[in-house]
Amino acid sequence: MAQMFNGLKKLYTEEKAFERQLSLFSICGIAGLITGYIALANQGYIEITSIQKIFFTILLIIFGLFFIGYETLFMHTRTIPDIGIDSFKIAIKKIPFIIFLVGIPVLITSLYTKYQYSAFCIEMFLSIPLTMLQAGFSYNYENNDYHLLFNKFKIKDIFFLLIKRLWIVIITYITTYFLIFIIFFIIGLISAFYYKGDINAMSMAISSQQVTIAKLSNYIASILYTYIISIGILVWDYELLKTYEREE
């Protein structure tokens, strides 16, 4: 667990960390807006056409390709990378691209079917062997190095990595909804000041804007979740690498 905190520290304290985090948040924000829009459509708040579904799915697939490359760059340098074309260049290499392809059906299933929880479980179990392939490649950017981690990992290592991956997801949800609570608590304080503490006026304003509030909270949650889970995955990747290096 200590290595995960070290990985988190690296993401926020090294050179150009703020600029790079801001860039990553912007990219994740776009992906979050798209997933939020699709979620609202699935909940019946808005309508979405087939053309929009195709377009948004393509954008999310592009984000997935970008993040696979970005993740690989992070595992190679152990520092947060710049946002750029290098992420896509790395992602189209054999091993990262195979991992990207495996993720596409999981993405589509989670977005457009009722089996999103099954897709989540499948992704959770696949994440360990797939990231091990990716991590082996990341050392020298050689496809033939994909097996490096498999030669050293023990059953107990894999089990603890699975638990830590699940922990990352749980912490992501807790952090996301805590931040949403803080945001709307602040909005509530501002509203109370604006309406001078008139509870009836505030209640009527909230009732008349229920759909807007639901949409806004959905978008904010999707953006925050996408960014926080991306950071969590990078931290987990760092833990995986350090687990391998500890076994050497």
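Quantities reported herein were computed from a predicted structural model and do not represent experimental measurements.

(A) Summary view of the packing of aromatic side chains. In this structure the tally under the stated criterion is 15 aromatic pairs. Measuring from centroid to centroid gives 5.1 Å for Phe-25 and Tyr-227, while their planes differ by 75°, and the two rings are edge-to-face. Taken as a pair, Phe-25 in helix α2 (residues 17-42) and Tyr-227 in helix α9 (residues 210-247) lie far apart in primary sequence, 202 residues in all. Ring centres of Phe-66 and Tyr-70 lie 5.3 Å apart, and the angle between their planes is 40°; on these two criteria the pair is classed as tilted. A residue pair is termed a helical-turn pair when its members lie 3 or 4 positions apart in one helix, as Phe-66 and Tyr-70 do in helix α3 (residues 50-77) at four residues.

(B) The nonpolar core, seen in detail. Counting residues in each nonpolar core, the largest one holds 47 residues, and the members touching the most others are Leu-11, Ile-38, Tyr-70, Leu-149, Phe-153 and Leu-240. Mapped by element, the contributors of at least two residues to this core are α1 (2-13), α2, α3, α6 (116-140), α7 (155-194) and α9. The element contributing the most residues to this core is α9, with 15 residues. Excluding residues that lie within four positions of it along the chain, Ile-38 makes contacts with Ile-48, Phe-56, Leu-60, Leu-111 and Tyr-112. Counting residues in each nonpolar core, the second largest holds eleven residues, with Leu-65, Ile-68, Ala-91 and Ile-104 among its members.

(C) Structural context of the environment of Glu-123. Counting through the fold element by element, Glu-123 comes out in helix α6. The spatial distance from the C-alpha of Glu-123 to the C-alpha of Phe-63 is 17 Å, given a sequence separation of 60 residues. When residues no more than four places from it in sequence are discounted, the contact partners of Glu-123 are Val-106 and Arg-165.

(D) Unusual backbone geometry, seen in detail. The phi dihedral of Lys-16 falls on the positive side, at around 60°, and the residue is not glycine. Relative to the helices and strands, Lys-16 resides in the loop between α1 and α2. Its identity as a non-glycine residue notwithstanding, Arg-78 has a phi of 65°, on the positive side. Structurally, the position occupied by Arg-78 is in the loop between α3 and α4 (86-91). With a relative accessible area of 15%, Arg-78 lands in the buried category.

Cut-offs and rules
- Sequence order sets the numbering: in each chain, residues are counted from 1 along the sequence as written.
- Reporting in this predicted model follows two pLDDT cut-offs: at least 70 for local features of residues, and 80 or more for side-chain atom pairs to be given and counted; totals over whole chains, interfaces and linings ignore these cut-offs and use all residues.
- Excluded from the side-chain calculation are hydrogens and water; included are all heavy atoms of the structure.
- Put simply, two rings from Phe, Tyr or Trp (the six-membered ring, in Trp's case) pair if the centres are within 6.5 Å, and we call them stacked under 30 degrees between planes, edge-to-face over 60, tilted for the rest.
- Strands are runs of DSSP state E lasting at least two residues, helices are runs of H or I lasting at least four, and both sets are numbered from the N terminus onward.
- To define a nonpolar core, start from buried Ala, Val, Leu, Ile, Met, Phe, Trp, Tyr and Cys residues and group those joined through side-chain atoms within 4.5 Å.
- Whether a residue is buried, partly exposed or exposed follows from its accessible area with a 1.4 Å probe, protein chains only, as a fraction of its type maximum: under 20%, in between, or over 50%, in that order.
- It only takes one pair of heavy atoms within 4.5 Å for two residues to be counted as in contact.

In short, geometric facts, not functional conclusions.
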